[in-house]
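Read off the chains here:
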Amino acid sequence: QVQLVESGGGLVQAGGSLRLSCAASGRTFSTYTMAWFRQAPGKEREFVASITESGDSTIYADSVKGRFTISRDNAKNTVYLQMNSLKPEDTAVYYCAAGRILATNPNNYPYWGQGTQVTVSS
């Protein structure tokens, strides 16, 4: 089992950048695929990005490709989401999640953090 805590959210102007972090507890972080999802008010939870256990493979939603970068540091039990060129439509609560396969379906991720709010003003 793994526990996840996100940080780094906040208010930023359109075109700005933020870096989200997700710290994991336990000794098994490096055995999990990690992902970021987001959920805007009134909308379903949406896949953002995912990274394999070793970090050698990543996938991104089309809406963030070229602007967001997912990475991980297994020595620090942390996964990151670097967000550049932010747009108002990126406003959402961002969640990190842990699972066993590289996937875009949230049902493949049994462990979730509590979320961190990202607000992009126009």
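Keep in mind it's a predicted model, so treat the numbers as computed, not measured. (Residues numbered from 1 in each chain as written. Predicted model: local features only at pLDDT ≥ 70, side-chain atom pairs only at ≥ 80, totals over all residues. Heavy atoms only, no water.)

## Remarks on the overall build of the protein chain
Test applied: By the criteria applied, helices consist of DSSP H or I runs no shorter than four residues and strands consist of E runs no shorter than two, each listed in order from the N terminus. The atom set for the radius of gyration is the C-alpha atoms, and the globule formula is 2.2 Å times the number of residues raised to the power 0.38. We call two residues in contact whenever any of their non-hydrogen atoms come within 4.5 Å of each other. Accessible surface area values rest on a Shrake-Rupley calculation with a 1.4 Å probe, where residue burial reflects the displayed protein chains alone. Positive charges come from Lys and Arg, negative ones from Asp and Glu, while His and the chain ends are left out of the count. For this purpose, a charge sits on NZ of Lys, CZ of Arg, CG of Asp or CD of Glu.
Per the secondary structure count, the protein chain includes zero helices and 11 strands. Listed by position from the N terminus, the elements making up the protein chain come as β-β-β-β-β-β-β-β-β-β-β. For a compact globule of 122 residues, the expected C-alpha radius of gyration is about 14 Å, and the protein chain comes in at 13 Å, within 12% of that figure. Residue pairs at least 24 apart in sequence account for 58% of intrachain contacts in the protein chain once pairs closer than 6 positions are excluded. Approximately 6,100 Å² of the protein chain is accessible, and the part contributed by carbon and sulfur atoms is 46%. Here the protein chain carries 11 positive and 9 negative side-chain charges, and the mean point of each set is 4 Å from the other.

## A look at the state of the cysteines
What counts here: Note on disulfides: each one is a pair of cysteine sulfur atoms within 2.5 Å. Residue exposure (1.4 Å probe, protein chains only): buried if accessible area is under 20% of the type maximum, exposed if over 50%, otherwise partly exposed.
Within the structure shown, the criterion is met by one disulfide. Covalent S-S linkage joins C22 and C96, the inter-sulfur distance amounting to 1.9 Å. Taking the sign of the torsion about the S-S bond as the criterion, the disulfide between C22 and C96, at about 45 degrees, is right-handed. Here C22, found in strand β3 (residues 18-24), pairs with C96, found in strand β9 (residues 92-99); they are 74 residues apart in sequence, far enough to count as distant. The residues C22 and C96 share a single accessibility class, namely buried.

## Side note on the pattern of salt bridges
Our working definition: The salt bridge criterion pairs a side-chain nitrogen of Lys or Arg with a carboxyl oxygen of Asp or Glu, the two atoms within 4 Å.
Across all of its chains, the model carries four salt bridges by this definition. Taking the shortest distance from any N to any O, the salt bridge between R38 and E46 comes out at 2.8 Å. Looking at R38, the relative accessible area reads 5%, which means it is buried. Between R67 and D90 there is a salt bridge; the shortest N-O distance is 2.8 Å. In this pair, R67 is assigned in the loop between β6 (58-60) and β7 (68-73) and D90 in the loop between β8 (78-83) and β9, connecting sequence segments 23 residues apart. For D90, a relative accessible area of 1% translates into the label buried. Connected through salt bridges with shared partners, the residues R38, E46, R67 and D90 form a single ionic network.

## What about the nonpolar core?
Stated precisely, the cut-off is as follows: Buried residues of nine kinds, namely Ala, Val, Leu, Ile, Met, Phe, Trp, Tyr and Cys, make up a nonpolar core once their side-chain atoms join them within 4.5 Å.
Counting residues in each nonpolar core, the largest one holds 36 residues, and the members touching the most others are M34, W36, L81, M83 and Y94. Where this core is concerned, the elements lending two or more residues are β3, β4 (33-39), β5 (46-51), β7, β8, β9 and β11 (116-121). The dominant element in this core, judged by the number of residues it contributes, is β9, at five residues. The contact partners of Y94, leaving out residues within four places of it in the chain, are E6, L20, W36, F37, R38, V48, F68, L81, M83, G115, T116 and V118.

## So, unusual backbone geometry
At N77, a residue that is not glycine, the phi angle is positive and equals roughly 55 degrees. Positionally, N77 belongs in the loop between β7 and β8. The phi dihedral of S85 is positive, around 50 degrees, even though this residue is not glycine.

## Brief notes about the environment of L102
With respect to the helices and strands, L102 occurs in the loop between β9 and β10 (111-112). With a relative accessible area of 30%, L102 lands in the partly exposed category. Distance from L102 to C22, taken between C-alpha atoms, is 17 Å for residues 80 residues apart in sequence. With residues near it in sequence (within four places) discarded, L102 still touches T33, S50, I51, T52, S57, I59 and Y109.

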